[in-house]
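Examining the three-dimensional arrangement
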Amino acid sequence: MAKSPNMTSERTDRHDIDEQEFVLDLKMTDKDLLSMFRLDFEEAEKYTNNLLHTSDDRAQDVRELGEKVFKGEYYNAGDLYDHQVPYVDNRIFVSIDTDIPKLTSKVPEPVAKSQNMTDSGKRYAQRFQKVLEDGWVRWGIMDEIPTALLHLFLAKRVGVMKGRFDPDQGERGEIVWEAVLPENIVIPKTKPSKNPSFVGEWIEMTLDDIIDKFGNREEVLGHYGYKVGTEKQLTRRVSVLELHFTYRDRKSKKLAEGVAHILDWTIVLGKMRTPNWIYDDDNIARRNHLEMARKPYMFFGFRNLNFGRQTLDDTSYLEQSLPLQDVVNKRGRQIVENADQAVSGVVYNTQAITPEEIEELTGDPNERVGVNGDVRGAAARLPAVQLQAWVFD
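Residues numbered from 1 in each chain as written. Predicted model: local features only at pLDDT ≥ 70, side-chain atom pairs only at ≥ 80, totals over all residues. Heavy atoms only, no water.

A look at the packing of helix α2 (residues 62-71) against helix α9 (residues 317-341)
Rules: Here, axes are lines fitted to C-alpha atoms. For helices the fit covers the stretch in contact, and angles between N-to-C directions go from 0 to 180 degrees. Numbered from the N terminus, helices here are DSSP runs of H or I no shorter than four residues, and strands are runs of E no shorter than two. Reported orientations rely on four angle classes, namely roughly parallel under 35 degrees, roughly antiparallel over 145, roughly perpendicular from 65 to 115, and oblique for the rest. Two helices cross in a left-handed way if the nearer one is turned anticlockwise from the farther one by less than a right angle. They cross in a right-handed way if the turn is clockwise. Should any heavy atoms of two residues lie within 4.5 Å, those residues are considered in contact. When residues are grouped by polarity, Ala, Val, Leu, Ile, Met, Phe, Trp, Tyr, Cys and Pro land in nonpolar, Asp, Glu, Lys and Arg in charged, and all others, Gly among them, in polar.
Where α2 contacts α9, the two axes come as close as 11 Å, and the packing angle between them is 55°. Looking at the two axes, α2 sits oblique to α9. In this structure, α2 meets α9 at a crossing whose hand is left-handed. Residues Val62, Leu65, Gly66 and Val69 of α2 touch α9, and the partners they reach there are Leu318, Glu319 and Leu322. Among the residues forming the contact of α2 with α9, the class breakdown is five nonpolar, one polar and one charged.

Brief notes about the pairing of strand β6 (residues 237-249)
As a reminder, the rule being used: Only protein chains enter the accessibility calculation, which uses a 1.4 Å probe. A residue is then buried if its area is under 20% of the maximum for its type, exposed if over 50%, and partly exposed in between. Between any two strands, at least two bridges found by DSSP are needed for them to pair.
Counting buried positions over the 13 residues of β6 gives 11, a clear majority of the element. Where strand β1 (residues 22-24) meets β6, three bridges bridge the pair, whose relative direction is parallel. For phenylalanine 22, the partnering residue across the bridge sits in β6 and is tyrosine 247. In the sheet, strand β5 (residues 198-206) pairs with β6 via nine bridges, with the strands oriented antiparallel. The residue of β6 that forms the bridge with isoleucine 203 is valine 240. The sheet contact formed by β6 and strand β7 (residues 255-263) spans nine bridges and is antiparallel. The residue bridging arginine 248 from the neighbouring strand is leucine 255, located in β7. Two successive antiparallel strands, β6 and β7, enclose a turn made up of five residues, where lysine 253 displays a positive phi of approximately 65°.

That is the geometry; function is a separate question.
Shown next, in the form of structure tokens:
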């Protein structure tokens, strides 16, 4: 495994950094690195699972429930009789489908202004803003924001976007922004305004992709009991943890950002200081827009639904609207069933017509029926019940 240099920074204060920090040296052994992060990571996963737990028997957690509600699949078929049809008047779907286009129709875009307000400064600012606007479109931010907002509306409690460099786009690679499923993200209990001490993302990759990106062929294949690495074995998909973390360099005592890729909490595929930063020869960053490197994630949330204890919201609009949606569905099904029962029915005299013959009747106006005895005593039609006015309202 290639060694990664220590990361240092000129910034030494604690502004916008989570209270928890890791003191380490990136040249430390893989075993020490795993033991340092694993406990905190598992505690963060446990905390998130408890936060998202729901007592609703229709789903295991609120994220699963949110998807079922959005798709109108959250009713229990076992609660209905065979003659009943599931009734869903999905007001929540209509609301979300209406709100997201409104919220994304005019998203703030980058603006550049000249500081000295001279003609040359203004022209430079206009050209620079044009570059930013082109990048705004080229990076795909506008295409991914609706997806991140949809995740937020679906009771996933947070919307997440990630920026990364894609070497396969364009002639020299390109920055891309992507919406990330919140289920794949793990963050500690951190105040929304703080920079989390770590952000973990579960990424699905084939063994072939892992080996191509990180090397370690024998170690990776041996981990799964493979020796040669056949085509079928190499196409096996597994989860790799991409862990971005803030740490204080043990030697320089400076705050820094690092990233590691971990396989099954057993193999460290690679570790290094964050690549999303420009470093000078003396390892002191001077040519960056931000004062300090940040994790490549943006988190979306509703401030009025967050008590300020963690990045994830404490509730969601979908969860608060679900009881009303249940009432709408229940009343709608009652109206449908009442309307069905209000249709006039027919009672047959089994002495005039046999049950087998009754089963063959279709109700066709041109149907011809023969009975034994008096026709007037063979069948009787029950009058329809007049529906209440509130049914029509």
